[in-house]
Amino acid sequence: MKKAIYISTFSLLLVLAIIWPCVVRAQERPAGTVQSTEPAAQTTNDTSGNDPLRAELKAITELPPPERIAKLKAFIEANPLSALKTRAQELIVSAHAALGEEKLRAGDAAGGIEQFRRSVAESRASLSDKLFADVLARIPLNLYLRNERAAALEIARLIEERVKDNPQRLLTLVGFYLNVEEADEAARVASMVIKLAPEMPAAHQALGAARHIALKLDDAMTAYARALELDAKSGRSRRSLADLRRATGKAEAALTLYRELLQAEPGDKLARSGIVLSLFDLGRKDEAERELEAALKEEPRNLSLLTGAAYWYAAHKDGARALELAQRAVEIEPRYTWAHIALARALVAQKRPLDAEQALRFARQYGRFPTLEYELASALAAAGLYEEAANTLSGTFTLKGDQLETLLAGRTLARAASFIELLAPERRAGIFQPAVADTEENARLLKALLAFRSALNPAGGRAALKEAEATSAAREWTAGQDAMRLYRQLYAASRLLQRRVGWQAALDLSEAAKSGLEEALDVPAATVAVMADELTDARARAINYGGSLAVPDVPRNVLSSILRGRIEDLAGVALYNQDKAAEAVVRLRRAIGVLPENSAYWRAAQWHLGEAHFASGNQQEALAAYLRSYDRNAPDPVRRAVIEGLYRKVNGSLEGLEARLGAAAPVTTALNTTPTTTPAATPDTPVAETTATARNTPEAAPVGTVTPAPTPATSQPTPEPTPAEASAREQPSDTTSQPATGEPRPAATEPQPTTTSDPQPTAAEPQPTPTPDTAPSQRPRTTERPAEKAAGSDECIFNLSEEPLTLRNNGGSIIIPVSFNGAGGAASITASTPNWADIAVFSETKTNIESGVYNYSITSVSKRTGTYTVIFKSPCGTKKLTVIVK
């Protein structure tokens, strides 16, 4: 959204809290249009109601603006001494403004702005207060709300020149600048007012408001205190001063001011909220709780009190109470970002980091400022999603030496040594909380993550990458003794290997990770933490749809196998790159022995094993590992070239290779061929909800495909690259996710959760199961579900689980698989719903290119709950799916 119409909830709350009545007096009517009514008639010496000049002037006001302007100028020229001259001049001002409004509505922005300039130019110092308030003062905000920010500021400065000696009218301009978050301009004009009228309380209040929005809280308190000194009865000045004293840790002084406010106005709920929160800050928890319950009983929808108390409890490690209060605050006002921040902190404390992430992503629709981005990165890191956390941090913060840097509230440059210190002004100015709901250790780790990312991605590109800095940053990032340390170690090791630096550091990190395995499996969202890299693409798609990825829990023994295998695989790759191929083979054999067979991790380790064997001169064993690694359901031309080159070298030709790898190019299936299909997944075995663990099935011809006959090698084959050449060609750019010698990550397939027992390590490498050279003449048909006939085909099968799905409202999402083997693939399936206002269904990427399994995401897009229907249509027939939104 353009800034011209975007006012962040961070600053909006400040503006609403500190703008004073005299500033908004000119804004009493709805903002956004110029008041086009005529100014009040001036008192004149013309006493006759039938005065011909008055009648003439009245008739002119009924003309369209262009004609009105010309007639009014002629009237003034013809009657220079008339008492109606002043009124005619004011009517010219309002006519230009009305014409400018017409042009803006017609889409002529330049013409409209020019008319507004003329309106200001025609104004005089003697113009009436009504004309100023109803016409001139409204022009800048009108332009700003129409995305004409530069013009709005220009017109405001032109008006300032016209009223520079009138403190009350200058004060109205301060109100405009505060409304559009131009804190420096507001402070400048407020200072002008103070010079003209040093004893005007509203001028000091205005200056305090400007300093407050600019996060200069000490200066703001000084201005508020002066305003209160000049007007001891000002409740607004007293409240503003009390809020900032509480925000800066002066709770006792704040409590006194709040009680004075409540004594003067017993129904002041903001003062009562301040009393409760001051009592909390003073450590008088029992008294504060009694006051809190009484205040909420009297006013259950007290947003500021609920949010402040929720954050206080989160900062004082009472996640359950913080969660209760924050949920109530969010229900009252879902657009209030600080309520979501308090909610997210409570959810993380309750070991629900993924729910915290959802709350913060929802809040980002209504505000973007550094604290919110930091909180999102913190929640992502708590779930082990370190790459996403690093991306979030690097988009808002930079690290220069030991100093973190950002633009607080999107406009105020700030630097500090820690995130807690850096972001404190936003928290204190936004919700007046002196204590932070964060820990020094968490802030240190997030700074270290940003430093690690910066070291791996220096400003000068790869040429500027310094290995010593990268390895030092990795060690700093992985320091500590917490349960998440293993995930940090594996993340750091994998990124060092991807960037091809710090081989020994990566090996050391992998070795050190072994000691924390069991503890790491007990963390919240362990499945997501284990599979973070594999979930990246699917999560990104879900987030782009405005939903979230539903990731079922994978059994602990499977997660343990993956972690143990990844540790060995990373160690093997590190050893291989240190020219220790024999040691690498040992570690990679261990990895293959524990990783779920045929998973993406297992295939990556097999490829790495092939590289290590080849480097050791064992071409036969290298070929066997390469063949086991290759996934015919996700053809990879680079790896196939490696395999073909080595296969020809070992066997003298390519005969028999195609039967193992499948055809090198797409093969059109004969019309009468009837392939079998993969049975539709049930809710107990989700296919597409996550992208990580393996199918524990042998490497054979995949179910649901036709194995083509081998294609004979040509008589003059093209020279094949050696494995080393092709491996080098395969090395990724800095952003590639699956390097040949880096962290394993599947390029196309998404292995699925399994409930089988932990596979046992084998004594020797498993040998690939050979695929028959030709496809059998007939394949058995699936008996999992009855087939549905479709016209024009021998057999068409269309399946999906028809068990009702359950979603959370307002953003809940799930991905389901649909099995279809008809012509046209996914293009022949139509997914729709009669309830698009409440739920949405979108086609996702295919799970398996040849098995005919397609993914669809279903997302709740409203707050409404109930039972809805999603309809899937294909040439085979129609399926209906019930979706229950809670």
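Residues numbered from 1 in each chain as written. Predicted model: local features only at pLDDT ≥ 70, side-chain atom pairs only at ≥ 80, totals over all residues. Heavy atoms only, no water.

> An account of the overall build of the protein chain is requested, with residue identities and associated values reported.
Assigned secondary structure in the protein chain consists of 38 helices and eleven strands. Per-residue burial for the protein chain yields a buried fraction of 54% across its 886 residues. Looking at the protein chain alone, contacts between residues at least 24 apart form 68% of all its contacts between residues at least 6 apart. (Helix = DSSP H or I, 4+ residues; strand = E, 2+ residues; numbered from the N terminus. Buried < 20%, exposed > 50% of the residue type's maximum accessible area, 1.4 Å probe, protein only. Contact = heavy atoms within 4.5 Å.)

> An account of the sheet that holds strand β8 (residues 839-843) is needed here, citing residue identities and associated values.
Strand pairing in a sheet is mediated by backbone hydrogen bonds. Such pairs are either parallel or antiparallel. Strand order in the open sheet formed by four strands is β4-β6-β9-β8, and the pairing between neighbours is antiparallel. The strands lining the two open edges of the sheet, one partner per strand, are β4 (798-799) and β8. Where β4 meets strand β6 (residues 813-820), two bridges bridge the pair, whose relative direction is antiparallel. The residue of β6 that forms the bridge with Asn 799 is Ser 819. (Pairing = 2+ DSSP bridges.)

> Kindly report on the pattern of salt bridges, identifying the contributing residues and their values.
A side chain of one charge can pair with a side chain of the opposite charge if their charged atoms are brought near each other. Evaluation of the coordinates by the stated rule reveals 54 salt bridges. Taking the shortest distance from any N to any O, the salt bridge between Asp 134 and Lys 130 comes out at 2.7 Å. Residue Asp 134 and its partner Lys 130 are located together in helix α7 (residues 129-134), separated by four residues, close to a single helical turn. Notably, a salt bridge pairs Glu 357 with Arg 539, separated by 2.6 Å at the nearest N-O pair. Here Arg 539 lies in helix α31 (residues 532-544) and Glu 357 lies in helix α21 (residues 353-363), a separation of 182 residues in the sequence. According to the relative accessible area criterion, Arg 539 is buried, its value standing at 7%. Linked through salt bridges whose partners overlap, the residues forming this network are Glu 511, Lys 514, Glu 568, Arg 587 and Arg 590. (Salt bridge = Lys/Arg side-chain N within 4 Å of Asp/Glu carboxyl O.)

> Provide a residue-level description of helix α15 (residues 251-264), including the pertinent values.
Every α-helix carries 3.6 residues per turn, so stepping three or four residues along brings you back to the same face. For α15, which comprises 14 residues, the first-to-last C-alpha distance of 20 Å matches the rise-based estimate of 20 Å (1.5 Å per residue) to within 8%. In this fold, the buried residues of α15 make contact with α13 (217-230), α14 (235-247) and α16 (269-281). (Expected span 1.5 Å × (residues − 1).)

> An account of the side chain of Ser 128 is needed here, citing residue identities and associated values.
Looking at the secondary structure, you find Ser 128 in the loop between α6 (109-122) and α7. Within the structure, Ser 128 has its side chain in polar contact with the backbone nitrogen of Leu 131 (distance 3.0 Å). (Polar contact = N/O pair within 3.5 Å; in protein donor to acceptor, adjacent residues only side chain to side chain.)

> Explain the packing of aromatic side chains to me, and be specific about the residues and the numbers.
Evaluated as defined, the whole model comprises 14 aromatic pairs. Between the aromatic rings of Tyr 374 and Phe 419, the centroid separation amounts to 4.8 Å while the plane-to-plane angle is 35°, which identifies the pairing as tilted. Here the residue Tyr 374 occupies a position in helix α22 (residues 370-382), and Phe 419 occupies one in helix α24 (residues 419-431), the gap between them amounting to 45 residues. On the basis of relative accessibility, which here comes to 2%, the residue Tyr 374 falls in the buried class. Phe 419 sits in the buried class, given a relative accessible area of 1%. Taking 5.3 Å as the distance between ring centres and 80° as the angle between the ring planes, the aromatic pair formed by Tyr 856 and Phe 872 counts as edge-to-face. (Phe/Tyr/Trp six-rings, centres within 6.5 Å; stacked < 30°, edge-to-face > 60°.)

> Please give an account of the environment of Glu 265 that cites residues and values.
Among the secondary structure elements, Glu 265 is positioned in the loop between α15 and α16. Taking the C-alpha atoms as reference points, Glu 265 and Gly 235, separated by 30 residues in sequence, lie 9.0 Å from one another.

> Quick rundown of the nonpolar core? Include the residues and the values.
Counting residues in each nonpolar core, the largest one holds 199 residues, and the members touching the most others are Phe 419, Tyr 487 and Leu 496. Of all the elements, helix α32 (residues 556-576) adds the most residues to this core, at ten residues. If we skip the residues at most four places from it in the chain, Tyr 487 touches Tyr 386, Ala 520, Leu 521, Val 523, Ala 526, Ala 529, Val 530 and Leu 563. Leu 800, Leu 805, Val 818 and Ile 858 belong to the second largest nonpolar core, which has 23 residues in total. (Core = buried A, V, L, I, M, F, W, Y, C linked by side-chain atoms within 4.5 Å.)

> So what about the pairing of strand β10 (residues 866-874)? Which residues, and what values?
Working note: regular strand, side chains alternate between the two faces of the sheet. In this sheet, β10 lies alongside strand β7 (residues 830-832) in antiparallel orientation, the contact comprising three bridges. The residue bridging Ala 831 from the neighbouring strand is Phe 872, located in β10. With nine bridges connecting them, β10 and strand β11 (residues 877-885) associate as antiparallel partners. Paired with Thr 867 across the two strands is Ile 884, which belongs to β11. In sequence, β10 turns back onto β11 through a hairpin of two residues.

> Provide a residue-level description of the packing of helix α26 (residues 467-477) against helix α28 (residues 503-513), including the pertinent values.
At a minimum axis distance of 10 Å, the contact between α26 and α28 shows a crossing angle of 15°. It follows that α26 is roughly parallel to α28 by the angle criterion. Between α26 and α28 lies a crossing of left-handed hand. Facing α26, whose interface residues are Glu 467, Thr 471, Ala 474 and Arg 475, α28 presents Trp 503, Ala 505, Asp 508 and Leu 509. For the contact of α26 with α28, the per-class residue count stands at four nonpolar, one polar and three charged. (Axes fitted to C-alpha atoms, helices over the stretch in contact; angles between N-to-C directions. Parallel < 35°, antiparallel > 145°, perpendicular 65-115°, else oblique. Left-handed = near helix turned anticlockwise from the far one by under 90°. Nonpolar A, V, L, I, M, F, W, Y, C, P; charged D, E, K, R; others polar.)

> An account of unusual backbone geometry is needed here, citing residue identities and associated values.
The backbone phi angle of Leu 215 is positive, close to 65°, even though this residue is not glycine. For Leu 215, the location among the structural elements is in the loop between α12 (201-213) and α13. Take Leu 215: its relative accessible area is 11%, and that puts it in the buried class. For Asp 579, which is not a glycine, the phi torsion comes out positive at approximately 60°. Given a relative accessible area of 73%, Asp 579 falls into the exposed group.

> Describe the sheet that holds strand β1 (residues 398-400), with residues and values.
Strand order in this open sheet of three strands is β1-β2-β3, and the pairing throughout is antiparallel. Strands with a single pairing partner mark the edges of an open sheet, and in this sheet they are β1 and β3 (412-416). Within this sheet the neighbouring strands show an average axis-to-axis angle of 30°, counted without direction.

> Which residues make up the pairing of β6, and what values go with them?
Summarising burial for β6: eight of the eight residues are buried, a large majority. Burial of β6 is two-sided: the residues Ser 813, Ile 815, Pro 817 and Ser 819 facing one way and the residues Ile 814, Ile 816, Val 818 and Phe 820 facing the other way are all buried. Here β6 runs beside strand β9 (residues 853-860); their pairing, made up of seven bridges, is antiparallel. In the sheet register, Ser 819 faces β9, and the bridge partner there is Val 853.

> Summarise the environment of Leu 595; cite the residues concerned and give the values.
Structurally, Leu 595 can be placed in the loop between α33 (581-594) and α34 (600-615). Sequence separation between Leu 595 and Val 558 is 37 residues; the distance between their C-alpha atoms is 8.4 Å.

> Requested: an account of helix α35 (residues 619-629), with residues and values cited.
Of all eleven residues making up α35, eight are buried, and the element is well covered by its neighbours. Along α35, the residues classified as buried are Ala 622, Leu 623, Ala 624, Ala 625, Tyr 626, Leu 627, Arg 628 and Ser 629.

> Could you give an account of the side chain of Ser 510, with specific residues and numbers?
Here Ser 510 is to be found in helix α28. The class of Ser 510 is buried, set by a relative accessible area of 0%. Contacts of Ser 510, omitting those with residues within four sequence positions, involve Ala 493, Ile 567, Leu 570 and Ala 571.

> Describe the confidence of the model for the protein chain, and please don't skip the residues or the numbers.
Mean pLDDT over the protein chain: 80, with 78% of residues reaching 70 or higher. This model gives residues 665-794 a pLDDT under 50, and the stretch forms 273 contacts once residues within four places in sequence are excluded. (pLDDT = per-residue confidence, 0-100.)

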